[in-house]
Amino acid sequence: MKLPVVSTVDHRGKSLIIDAQQEIIQVYDKSGQLLGNVSWGLLIERVLASSEDSRFAHCRAQPRAPLALKVRYTTPEGKQFDSLTGGIGGGGLFIESGAPLSPGTELTVEFALPDRPTEKIKAKAKVAWARHKPERYLLFPGMGIQFLDLEEKIQEDLVNLVEALNQSRTPS
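What this report covers is the structure whose coordinates are included nearby. (Residues numbered from 1 in each chain as written. Predicted model: local features only at pLDDT ≥ 70, side-chain atom pairs only at ≥ 80, totals over all residues. Heavy atoms only, no water.)

Relative to the 26 Å expected for 18 residues at 1.5 Å per residue, helix H2 (residues 152–169) spans 26 Å between its end C-alpha atoms, a close match to the ideal helical length. Listed in full, the buried residues belonging to H2 are Ile154, Asp157, Leu158, Val159, Leu161, Val162 and Leu165. Buried residues along H2 sit against strand S5 (64–65), strand S7 (80–89), strand S9 (106–112), strand S10 (120–131) and strand S11 (142–149). (Helix = DSSP H or I, 4+ residues; strand = E, 2+ residues; numbered from the N terminus. Expected span 1.5 Å × (residues − 1). Buried < 20%, exposed > 50% of the residue type's maximum accessible area, 1.4 Å probe, protein only. Contact = heavy atoms within 4.5 Å.)

The next thing to look at is unusual backbone geometry. Even without being a glycine, Glu23 presents a positive backbone phi close to 55 degrees. Within the fold, Glu23 resides in the loop between strand S2 (15–19) and strand S3 (24–28).

On to the pairing of S10, then. Regular strands place their side chains on alternate faces of the sheet. Relative to S10, S9 is paired through 7 bridges, and the arrangement is antiparallel. Bridge assignment links Thr108 to a residue of S10, and that residue is Lys124. As paired strands, S10 and S11 are joined by 7 bridges and run antiparallel to one another. When the sheet's bridge partners are listed, Ala125 is paired in S11 with Phe147. (Pairing = 2+ DSSP bridges.)

Summarising burial for S3: 4 of the 5 residues are buried, a large majority. Pairing between S2 and S3: 5 bridges, direction antiparallel. Pairing of Leu16 across the sheet is with Val27, part of S3. Connecting S2 to the antiparallel partner S3 that follows it, the hairpin turn spans 4 residues, and Glu23 within it adopts a positive phi of roughly 55 degrees. With 5 bridges connecting them, S3 and strand S4 (residues 34–39) associate as antiparallel partners. Within S4, the position partnered with Ile24 by the bridge is Ser39. As consecutive antiparallel partners, S3 and S4 are separated by 5 residues, and within that stretch Gly32 has a phi angle of approximately 90 degrees, a positive value.

A complete count under the given rule lists 3 aromatic pairs for this structure. Each ring, one from Tyr73 and one from Phe81, has its centre 5.3 Å from the other, and the planes form 25 degrees; the classification is stacked. Measuring from ring centre to ring centre gives 5.6 Å for Phe94 and Trp129, while their planes differ by 25 degrees; the resulting arrangement is stacked. One end of the pair, Phe94, is in strand S8 (residues 92–96); the other, Trp129, is in strand S10, with 35 residues separating them in the sequence. (Phe/Tyr/Trp six-rings, centres within 6.5 Å; stacked < 30°, edge-to-face > 60°.)

Checked against the element boundaries, Leu139 lands in the loop between S10 and S11. Residue Leu139 is classed as partly exposed on the basis of its relative accessible area, which comes to 22%. Remark: the alpha-carbon pair of Leu139 and Glu96, spanning 43 residues in sequence, is separated by 9.3 Å.

A separate point is the pattern of salt bridges. Scanning the entire structure with this criterion turns up 5 salt bridges. Two residues, Asp157 and Lys153, come together in a salt bridge whose shortest N-O distance is 2.7 Å. Residue Asp157 and its partner Lys153 are located together in helix H2, separated by 4 residues, close to a single helical turn. Judged by relative accessible area, which is 12%, Asp157 ranks as buried. On the accessibility criterion, Lys153 (51% relative accessible area) is exposed. (Salt bridge = Lys/Arg side-chain N within 4 Å of Asp/Glu carboxyl O.)

This is the structure in structure tokens:
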């Protein structure tokens, strides 16, 4: 099935050929030259990866930024795990884990901010959502953690850190 691109200004004139036999989508330029293709599997994984992360964006009261920090979390049974964060915000963080805990599980998290590596921040939190498998090299498995009990000053520091990180990553 050939589908011409007519509405998307930057790609008007190109066409997509859907090949159900090989489960690929081929992209052609205006002159009919093949520009490339993408497998259905890759496309599906990309859609699922982007939708999983954005699925919870409306629930966030605070902006977040990608940031890798060492984090220790303790389960209700007292088991401790060390990991890395994949992102952080005033309302929570993402912990990379090959065995994420179930949503609703309460835990304690402990981490330090980059500008104060010796000052440990400890907070009660709960697992808001989990990603059980990696998403095509884009997103690690792990869990979204929502802070339940965080000092107002620490939350303010996190919000300021996120704003600074996001501004530094935005091209001028």
